[in-house]
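Residues per chain are reported as follows:
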Amino acid sequence: MTILTPNSPTAELQALDAAHHMHPFTQGVELAEKGARIITRADGCWLTDSDGNRILDGMAGLWCVNIGYGRTELADAAHRQMLDLPFYNTFFQTSHVPALNLAAKLAELAPVDLNHVFFAGSGSEANDTNLRMVRTYWQEKGQPERQVIISRWNAYHGSSVGSGSLGGMKGMHAQGGMPIPGIHHIDQPHWWAEGGYSTPEAFGLERAQALETAILEIGPEKVAAFIAEPVQGAGGVIIPPDTYWPEIQRIVDKYDILLIADEVICGFGRTGNWFGSETFGIKPDIMTVAKGLSSGYQPIGASIVSDKVASVIGNTEFNHGYTYSGHPVACAVALENLRILEEEGIVERVRNETAPYLKERFESLADHPLVGEVKIVGMMGSLALTPDKATRAAFAADAGTAGFICRERCFANNLIMRHVGDRMVISPPLVISKEEIDTLVTRARLSLDEALERLQKDGLM
Ligand code: PMP
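Rules of the game
- Residues numbered from 1 in each chain as written.
- Predicted model: local features only at pLDDT ≥ 70, side-chain atom pairs only at ≥ 80, totals over all residues.
- Helix = DSSP H or I, 4+ residues; strand = E, 2+ residues; numbered from the N terminus.
- Expected span 1.5 Å × (residues − 1).
- Buried ≥ 20, exposed ≤ 12 C-beta atoms within 10 Å, placed from the backbone.
- Arc of directions from axis to C-beta.
- Contact = placed C-beta atoms within 7 Å.
- Axes fitted to C-alpha atoms, helices over the stretch in contact; angles between N-to-C directions.
- Parallel < 35°, antiparallel > 145°, perpendicular 65-115°, else oblique.
- Left-handed = near helix turned anticlockwise from the far one by under 90°.
- Nonpolar A, V, L, I, M, F, W, Y, C, P; charged D, E, K, R; others polar.
- Core = buried A, V, L, I, M, F, W, Y, C linked by C-beta atoms within 7 Å.
- Domains from an automatic or database assignment.

1. A few points about helix α4 (residues 72-84)
Two residues of an α-helix separated by three or four positions point the same way, owing to the 3.6 residues in each turn.
Okay, step 1: For α4, which comprises 13 residues, the first-to-last C-alpha distance of 18 Å matches the rise-based estimate of 18 Å (1.5 Å per residue) to within 8%.
Okay, step 2: Among all positions of α4, only Leu 74, Ala 77, Ala 78 and Gln 81 are buried. All buried residues of α4 lie within an arc of 95 degrees about the axis, which places them on one face of the element. In α4, the exposed residues that point more than 90 degrees away from the buried face are Thr 72 and Leu 83.
Okay, step 3: Contact partners of the buried residues in α4: α5 (97-109) and α14 (328-343).

2. Points about the packing of α4 against α14
In a pair of packed helices, the angle between the axes and the distance between the axes together describe the arrangement.
Okay, step 1: For the pair α4 and α14, the least separation of the axes is 8 Å and the interaxial angle reads 150 degrees. Considering their axes alone, α4 and α14 lie roughly antiparallel with respect to each other. α14 is crossed by α4, and the crossing has right-handed handedness. Of α14, the residues touching α4 (which contributes Glu 73, Leu 74, Ala 77, Ala 78, Gln 81 and Met 82) are Pro 328, Val 329, Ala 332, Val 333, Glu 336, Asn 337 and Ile 340.
Okay, step 2: Class assignment for the residues of the contact of α4 with α14 results in 9 nonpolar, 2 polar and 2 charged.

3. As for the nonpolar core
Okay, step 1: The biggest cluster of nonpolar side chains holds 127 residues, and the ones touching the most others in it are Val 134, Ala 225, Leu 258, Ala 302 and Ile 304.
Okay, step 2: Both domains that furnish three or more residues to this core are identified here as domain 1 (37-70 + 345-457) and domain 2 (72-343).
Okay, step 3: Apart from residues lying up to four places away in sequence, Leu 258 is in contact with Val 134, Tyr 137, Ala 224, Ala 225, Asp 285, Ile 286 and Val 309.

Just distances and angles here, no functional claims.
What follows is the structure, given as structure tokens:
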């Protein structure tokens, strides 16, 4: 068979893709008819497709390319590591240099006593590790009945059976026998969609107190852990009211429940600090990381574990691990990525310069007739689309219809934004410049104008 190249004609690439490639979270038949957009190259914050379009990537791939595309240092690190030691495992009392260095670096960067690292190949795998680790922790502590993990509806923690069960995506639970037993979901702190009857502050407290209610219903002696993203990403960049996290922390402390902060999106600068836990004043016992850990240049995830948990887990043989736990090439690339983030002061630049600028520019979209609320922290933001700002009304169409139309207009205007239902989301590379921020916001406004016109024409508002 012929191997196609990035220079092959788009129609040929699309036909071969449609014939053999099954896409995640995609209706295959519909995509096969339409043809996938084929991305061939990328540099900085810009993608190139097989038709030669230059597209501004407002999503950093899938919330992961924190240092931007095209950093040759990471390619060089991978090349060097592949020549030295392309693979070895970390089972059976062995280790290797990239894994031990990366674990030490993560311990240095992570807050307070998060000093131990269990590697995985992805965020989903790391959350599967967490699920088993917290249950094993309580077993080893002589409280084996502490097995229930509390999570939230509309959380995203991954796509494996374990992590998908931890997540609160009902569309995912409907397929393939999820959630597994022992996971309890509480309501999310999504003021715009669910809380308009009170102030954000009161609503934030109410939704945090739902955790206490759940703990008391289940019985505190049966609850192992609470897991949450500091900011729900895939759920639509839901930034909780200020009252939410302090109350959650009070509750987990009161009942001695382990707190898992899923930092897969929030980690490595996304919220303007190294970790979202710092931005929101959270003290987790375990942090899940992936994505920005390698800026997506290699698949890698990890659980960063506190002294308290690691000392207990270390007393037993934890019968868990992946062939690619601490893959040497992925670790070497991640280490180089962290060096760049640190030495180039990228997180500080986000916090002090570009995030405040993005906030000001992005919030200027609030005056658009389609935009209900604008939420942003660091380099992640969202816009709620609505036909009526005052009542926070939904469109006269299935949820997601307006969002999809808006996303298609963004694509047509060479801007990648994502839609989650009728919420438009951005999460650009952390290296985005002020000029590129201007381009992002200008293209977003144009796309909103075009979406508005289309929605009016179709009688959807
Ligand atoms: N947790 C969060 C918060 C995520 O956003 C994601 C991915 N979007 C995951 C876990 C799963 O990570 P992965 O896709 O690498 O398995």
